[in-house]
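# Architecture and fold: a report
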Amino acid sequence: MTTRRATVRGVLAGGAVFVAATSAMLLGVGLLTDWQPAATLDPLRPLPADEPTAPSPHPIRSSDLDVVTTGGTVRGILTEPDGGSETGIVLVAGSGPADRRSLLPLARELARTGLSVLTYDKRTDGYSVFQRDFDLLADDALRAAITLRDATGVTRVGALGLSEGGWVTSIAGGRPDTSLDFIVLASAPVVSPLEQVS
């Protein structure tokens, strides 16, 4: 019990020292320099409902596209500009269950900018709260990239990893035999998977 109290006291004392040091530093910066807070911006305002939105630069279409993986076939949706594209991207979902429709709004927005986009069902075999095989998920992402390239004829294919999908995308993009030309990480973890779950 005494050790626990000493530990709590030590943590509280350390926190108090941190707060005091940070306050002194900020006060010193304010008094010794001409520091001024950043200017405030005008608040954002929503567009009126009757204001027309800009037309999409690229009309888009969607179609089913299955991806053959080592664990079987997973369903996918290909969303692309009507005229096709030279660049494609596979969307790799973050943690938890995700199907091909989960990232469809993002896929549509990306397709409107001129990209061919593939979303696919995240496998449940080899992935759960207690077991996560990121190498297996990276295999799926690479198979999806190959499927996208074969189905559309795009010359460049990348992967966009969202959150936990950043690990998957990094693993897939780092392999010597990768089929990816580029990777994009959005809100990706900055620690290892083991550190994340501990």
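In the block above lies the structure referred to throughout.
Every value quoted in this text rests on a predicted model; they were computed, and no experiment measured them.

Quick look at the environment of Leu148 now. Residue placement: Leu148 occurs in helix α3 (residues 134–152). Spatially, the C-alpha atoms of Leu148 and Ser116 are 8.1 Å apart, while their sequence positions differ by 32 residues. Apart from the residues lying within four places of it in its own chain, the contact partners of Leu148 are Leu78, Gly88, Ile89, Val90, Ser116, Leu118, Gly153, Val154 and Val157.

Here the focus is the sheet that holds strand β6 (residues 116–120). Ordered by their spatial adjacency, 6 strands build an open sheet running β1-β4-β6-β5-β7-β8, and the pairing between neighbours is mixed. The outermost strands of the open sheet, each flanked by one partner alone, are β1 (60–64) and β8 (182–186). Taken pair by pair, the neighbouring strands of this sheet meet at an average axis angle of 20°, ignoring direction. Seen against the sheet, α3 touches β4 (76–81), β5 (87–92), β6 and β7 (156–162) and runs at an angle of roughly 140° to β6.

Turning our eyes to something else, we now look at the pairing of β8. Relative to β8, β7 is paired through 5 bridges, and the arrangement is parallel. When the sheet's bridge partners are listed, Gly161 is paired in β8 with Leu185. A crossover connection joins β7 to the parallel β8 through helix α4 (residues 165–174); in handedness this β-α-β unit is right-handed.

The relative placement of two packed helices is expressed as an angle between their axes plus a distance between the axes. Viewed as axis vectors pointing N to C, α3 and α4 meet at an angle of 70°, and their least axial separation amounts to 8 Å. By the angle between their directions, the pair α3 and α4 is classed as roughly perpendicular. The two elements α3 and α4 cross, and the hand of that crossing is right-handed. For the pair α3 and α4, contact is made by Phe134, Asp135, Leu137, Ala138, Ala141 and Leu142 and by Trp167, Val168, Ile171 and Ala172, respectively. Tallied by class, the residues present in the contact of α3 with α4 amount to 9 nonpolar, no polar and 1 charged.

The rules we used
- Residues numbered from 1 in each chain as written.
- Predicted model: local features only at pLDDT ≥ 70, side-chain atom pairs only at ≥ 80, totals over all residues.
- Heavy atoms only, no water.
- Helix = DSSP H or I, 4+ residues; strand = E, 2+ residues; numbered from the N terminus.
- Contact = heavy atoms within 4.5 Å.
- Pairing = 2+ DSSP bridges.
- Axes fitted to C-alpha atoms, helices over the stretch in contact; angles between N-to-C directions.
- Right-handed = clockwise from strand over helix to strand, strands pointing away.
- Parallel < 35°, antiparallel > 145°, perpendicular 65-115°, else oblique.
- Left-handed = near helix turned anticlockwise from the far one by under 90°.
- Nonpolar A, V, L, I, M, F, W, Y, C, P; charged D, E, K, R; others polar.

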